[in-house]
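What the coordinates show
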Amino acid sequence: MDQNNYTSLHSFVLLGFSDHPKLEMVLSGVVTIFYFITWLGNTAIILASLLDPHLQTPMYFFLRNLSFLDLCFTTSIIPQMLVNLWGPHKTISYVGCVTQLYVYMWLGSSECLLLAVMSYDRFIAICKPLHYLVIMNPHFCLKMVITVWSISLANSVVLCTLTLNLPRCGNNLLDHFLCELPAMVKIACIDTTTVEMSVFALGIVIVLTPLSLILISYGYIAKAVLTIKSKASQQKAINTCGSHLTVVSIFYGTIIYMYLQPGNSASQDQGKFLTLFYTIITPSLNPLVYTLRNKDMKNALRKLVRVDMNLQN
């Protein structure tokens, strides 16, 4: 059997949590609730920041991009996951699996880089406030976002293509609830050291490099905040940066544990739950994190609710 036969499978079987049927029932309810919260919260942020003239700043431009990214990220995973959780069939077509793999990797990489861009925005706002609007002009902000999406797409194309070219010897059973790169690598029937090293190397570029830049930015931000004499301004800076740091900690913590560790150091079920956390729970928490301590965003959301109520009346 040649390699062409290995890659000509018409579908994959996503085992997910099929060995725990009661858990599947609970998960289907939990996932549906979090998906609804994700859509409601992120859509509200996008609409509020677009409609409120006070939120036409670089910070909210990047936040809109993050919310849009989270909506796409969860939508690329959850509908198929719910179909598999609800029904007896756990299959996904070959084309569907390949599409999910590329999109999932693209959007996940984009979030890593976008969080770094958002930390740079906060660094300029707090450490160089007089030059903020000059440096973070609309053209520069748009250029940074395009760069983020482009680099992430290139990363996805390289890693996913390497993974899909691995021979699978007819094996189409994925011990996961989505077509994730580590799960795809595990079903290969040859030595996968080269691909794993490529994943690790690009993981350093896409994950650890942005994280290092974030930590450096916040080192300077902490130093600048301590020199602010106005308590109100100091508190506002802490609230804004604290929200971003919370999101960074949750997202990067799980990503690093999943992708930058030895392959056998965590159980398969543990890996599935971690994937659930950063693909489903984190996108639903982001709107809460960015709104609960942000007065401008809370005011914009109140206005949005009033407009909606007036339209209904």
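This section reports on the structure supplied with the text. Residue numbers here run from 1 along each chain, matching the order of that chain's written sequence. Given that this is a predicted model, residues contribute local features only at a pLDDT of at least 70 and side-chain atom pairs are listed and counted only at 80 or more, while totals for whole chains, interfaces and linings are drawn from all residues. By convention in this description, side-chain values take in all heavy atoms of the structure and omit both hydrogens and water.

Quick notes on the overall build of the chain
Condition: By definition, any uninterrupted DSSP run of H or I lasting at least four residues is a helix, any uninterrupted run of E lasting at least two residues is a strand, and each is numbered from the N terminus. Residue burial is assigned from relative accessible area. The probe radius is 1.4 Å, only protein chains are included, and a residue is buried under 20% of its type maximum, exposed over 50%, and partly exposed in between. The contact rule is simple, with two residues in contact once any of their heavy atoms fall within 4.5 Å. Shrake-Rupley sampling with a 1.4 Å probe provides the accessible areas, and residues are treated as covered by the protein chains on show and by no other component.
Across its full length, the chain holds 12 helices and three strands. Looking at the chain as a whole, 48% of its 313 residues are labelled buried. Put simply, 80% of the contacts in the chain that link residues at least 6 apart link residues at least 24 apart. Of the roughly 15500 Å² of accessible surface on the chain, 69% is carried by carbon and sulfur atoms.

Comments concerning the side chain of S76
Stated formally: In the analysis that follows, any N or O atom pair within 3.5 Å is treated as a polar contact, provided that within protein one partner can donate a hydrogen and the other can accept it, and provided that, for residues neighboring in sequence, both atoms belong to side chains.
In this structure, S76 sits in the loop between α3 (58-75) and α4 (78-86). A polar contact is formed between the side chain of S76 and the backbone oxygen of F73, at a distance of 2.7 Å. When sequence neighbours within four positions are dropped, the list of residues in contact with S76 reads Q100, V103 and L107.

Observations concerning helix α9 (residues 193-227)
Put simply, the rule is: A helix is expected to span 1.5 Å multiplied by its residue count minus one. Bend, at a single residue, is the angle you get between axes fitted to the 7 residues ending at that residue and the 7 residues starting at it.
When the terminal C-alpha atoms of α9 are compared, their 50 Å separation across 35 residues agrees well with the 51 Å that a helix rising 1.5 Å per residue should span. The sharpest bend along α9 comes to roughly 35°, located at I204.

A look at the pattern of salt bridges
For clarity, the threshold we go by: For this analysis, a salt bridge means a side-chain nitrogen from Lys or Arg found within 4 Å of a carboxyl oxygen belonging to Asp or Glu.
A full pass over the atoms with the stated rule returns two salt bridges. Here K90 makes a salt bridge to E24, at a shortest N to O gap of 3.0 Å. A residue pair is termed long-range when its members are at least 10 positions apart, and K90 in the loop between α4 and β2 (91-93) and E24 in helix α2 (residues 21-51) qualify at 66 residues. Given the relative accessible area of 9%, E24 is considered buried. Linking R122 and D121 is a salt bridge whose minimum nitrogen-to-oxygen distance equals 2.9 Å. Residue classification places R122 among the buried residues on the basis of a relative accessible area of 11%.

Structural notes on the packing of helix α5 (residues 94-127) against α9
Rules: Axes, fitted as lines to C-alpha atoms, cover a helix only where it is in contact. Angles between the N-to-C directions of the axes lie from 0 to 180 degrees. Angular relationships are summarised with four words: roughly parallel below 35 degrees, roughly antiparallel beyond 145, roughly perpendicular across 65 to 115, and oblique for the angles in between. Helix crossings fall into two classes, left-handed where the near helix is turned counterclockwise from the far one by less than a right angle and right-handed where it is turned clockwise. Just so you know the grouping, Ala, Val, Leu, Ile, Met, Phe, Trp, Tyr, Cys and Pro go in nonpolar, Asp, Glu, Lys and Arg go in charged, and all remaining residues, Gly too, go in polar.
For the pair α5 and α9, interaxial distance at closest approach is 9 Å and the crossing angle is 20°. In terms of orientation, α5 and α9 fall into the roughly parallel class. For the crossing formed where α5 meets α9, the hand is left-handed. Facing α5, whose interface residues are S109, C112, L113, L115, A116, S119, Y120, R122, F123, I126 and C127, α9 presents I206, V207, P210, I214, S217, Y218, Y220, I221, A224 and V225. Partitioned by chemical class, the residues of the contact of α5 with α9 number 17 nonpolar, three polar and one charged.

Describing the sheet that holds β2
Our working rule: DSSP bridges decide pairing: two strands pair if at least two such bridges lie between them.
Pairing in this open sheet of three strands is mixed, and the strands run β2-β1-β3 from one edge to the other. Every other strand in the sheet has two partners, leaving β2 and β3 (173-174) as the edge strands with one partner each. Strand direction decides the pairing type here: strand β1 (residues 11-14) and β3, joined by two bridges, are parallel. Its bridge partner being in β3, V13 is matched across the sheet by L173. Against the sheet, α5 engages β1, β2 and β3, with an angle of about 85° to β2.

Considering the state of the cysteines
How we decide: Working definition: a disulfide is two cysteine sulfur atoms within 2.5 Å of each other.
Per the counting criterion, the structure on display carries two disulfides. Paired through a disulfide, C97 and C179 show a sulfur-sulfur distance of 2.0 Å. Around the S-S axis, the bridge from C97 to C179 shows a dihedral of about -120° and counts as left-handed. Here C97, found in helix α5, pairs with C179, found in the loop between β3 and α8 (181-186); they are 82 residues apart in sequence, far enough to count as distant. For C97, a relative accessible area of 0% translates into the label buried. Under the relative-accessibility criterion, C179 is labelled buried at 0%.

Overview of a nonpolar patch on the surface
The condition is simple: Patch definition: residues with relative accessible area over 30% and no salt bridge; like charges joined within 9 Å; nonpolar side chains (Val, Leu, Ile, Met, Phe, Trp, Tyr) joined within 5 Å.
Judged by side-chain polarity, I33, F36, I37 and L40 come together as a nonpolar surface patch covering roughly 410 Å² of accessible area. Tracing the sequence through the fold places F36 in helix α2. By relative accessible area, F36 is classed as exposed at 56%.

Remember, this is a structural readout, not a statement about activity or role.
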